[in-house]
Amino acid sequence: MIVTAIPDLVLDVLDAADPVTQRAATAKLDALKSSDADFAATMDAEVGKAKAKTAAADQSATKVSEPQSGAVNGAPVQVIKAPASGEVYRKFEAFILQTFVETMLPKESEEVFGKGTAGGVWKSMLAEQLGAQLAKGKGIGIAKQLAAAHPAGPDATGKAG
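Residues numbered from 1 in each chain as written. Predicted model: local features only at pLDDT ≥ 70, side-chain atom pairs only at ≥ 80, totals over all residues. Heavy atoms only, no water.

Q: Even after reading the chapter, I still don't get the overall build of the protein, so can you show me in this structure?
A: Along the backbone of the protein there are eight helices and zero strands. Element order for the protein, N to C, with α for helix and β for strand: α-α-α-α-α-α-α-α. Expressed as a percentage of the 161 residues in the protein, the buried residues total 11%. Summed over its atoms, the accessible surface of the protein is roughly 13300 Å², and 63% of this surface lies on carbon and sulfur atoms. (Helix = DSSP H or I, 4+ residues; strand = E, 2+ residues; numbered from the N terminus. Buried < 20%, exposed > 50% of the residue type's maximum accessible area, 1.4 Å probe, protein only. Areas by Shrake-Rupley, 256 points an atom, 1.4 Å probe, with all protein chains shown as cover.)

In C-alpha cells form, the structure reads like this:
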C-alpha cells in the first residue's frame, strides 16, 4: 500500500471540514481555475483580507473589559511561548532514539513487561525514558545538526522563505 502524505492530509482536512465551507472553498477554487487570474496575487489578496479580519478581531477583543463567563466567545486565548529551538530539536532526537530503542528491545519479553496491551505500554514507556536519557546528554548528534541547519534568531526569520 502506498501512502502519499500531502494528498491524504489534504483529503483528511477536507473530510473534517464543515461541508458548507468545503463546498464554498471548492467553488472558489473552481472559479479561480476557470479564470485567467494570477493565483499568487489572488492568494496574497485573500491572506491580506484574513489578516485584516484578525486585526479587527484583536482590536475588538482588547475593548472587552471583563471576560463573559458562559459565553461562547469569551476572552481571547493566550498564546503560550514556544520552547527554545534547541529544546525542540532535543525532543525530536529523543523521539527518534525512542523508536530505535523500542525496535531493539526483545519481542518475547512477557516475563519482564507483562502480557498484552499492558506489556506493550510498559515497553513503550521504557523506550521513551531511555530515548530521553540518551538525548539529554550529547545524544547522537541529530539535535546538533538540526540546530546548525536551522539557526534561530531575529534575523533567521527573514532568511527563511
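Now that the structure has been shown, we can carry on.
Q: How should I be thinking about the layout of surface pockets in this particular structure?
A: A water-sized probe, rolled over the atoms, reveals where empty space remains. Computed from the structure, the largest pocket encloses a volume of approximately 230 Å³. Considering the residues around the largest pocket, the lining is formed by Thr21, Ala24, Ala25, Lys28, Leu29, Leu32, Thr42, Met43 and Glu46. Those elements that place two or more of their residues in the lining of the largest pocket are helix H2 (19-34) and helix H3 (39-63). At six residues, the largest contribution of residues to the lining of the largest pocket is made by H2. Looking at the lining of the largest pocket residue by residue, the class counts come to five nonpolar, two polar and two charged. (1 Å grid on protein atoms, 1.4 Å probe; cavity = no way out; pocket = protein on both sides within 12 Å on 5 of 7 lines; lining within 4 Å. Points joined across faces, edges and corners; volume = space filled by probe spheres on them. Nonpolar A, V, L, I, M, F, W, Y, C, P; charged D, E, K, R; others polar.)

Q: Can you walk me through the confidence of the model for the protein in this structure?
A: Close inspection of predicted coordinates is inappropriate for parts of the model with low pLDDT. Considering every residue of the protein, the mean pLDDT works out to 74; 68% of them sit at 70 or more. Considering each helix and strand of the protein separately, the mean pLDDT is smallest for helix H8 (residues 156-159), with a value of 46, and largest for helix H6 (residues 116-136), with 88. This stretch, residues 154-161, has a pLDDT under 50; its non-local contacts, to residues over four places away or in other chains, come to one contact. (pLDDT = per-residue confidence, 0-100. Contact = heavy atoms within 4.5 Å.)

Q: Any chance you could explain the pattern of salt bridges here in plain terms?
A: Oppositely charged side chains are able to pair whenever their charged atoms sit close together. Counting across every chain of the model gives one salt bridge. Note that Arg90 and Glu87 form a salt bridge whose closest N and O atoms lie 2.9 Å from each other. On the criterion of helical spacing, the pair formed by Arg90 and Glu87 is a turn pair, its members being three residues apart in helix H4 (residues 85-104). (Salt bridge = Lys/Arg side-chain N within 4 Å of Asp/Glu carboxyl O.)

Q: Is there a simple way to explain the side chain of Gln98 in this structure?
A: Relative to the elements of secondary structure, Gln98 occurs in helix H4. Leaving out residues up to four positions away in the same chain, Gln98 has contacts with Ser124, Ala127, Glu128 and Gly131.

Q: I tried to follow a nonpolar patch on the surface on my own but got confused; where do I start?
A: On the surface, Phe100, Met104 and Ile140 cluster together to form a nonpolar patch covering roughly 350 Å² of accessible area. The topology assignment puts Ile140 in the loop between H6 and helix H7 (142-149). (Patch = residues over 30% accessible without salt bridge, like charges linked within 9 Å, V, L, I, M, F, W, Y side chains within 5 Å.)

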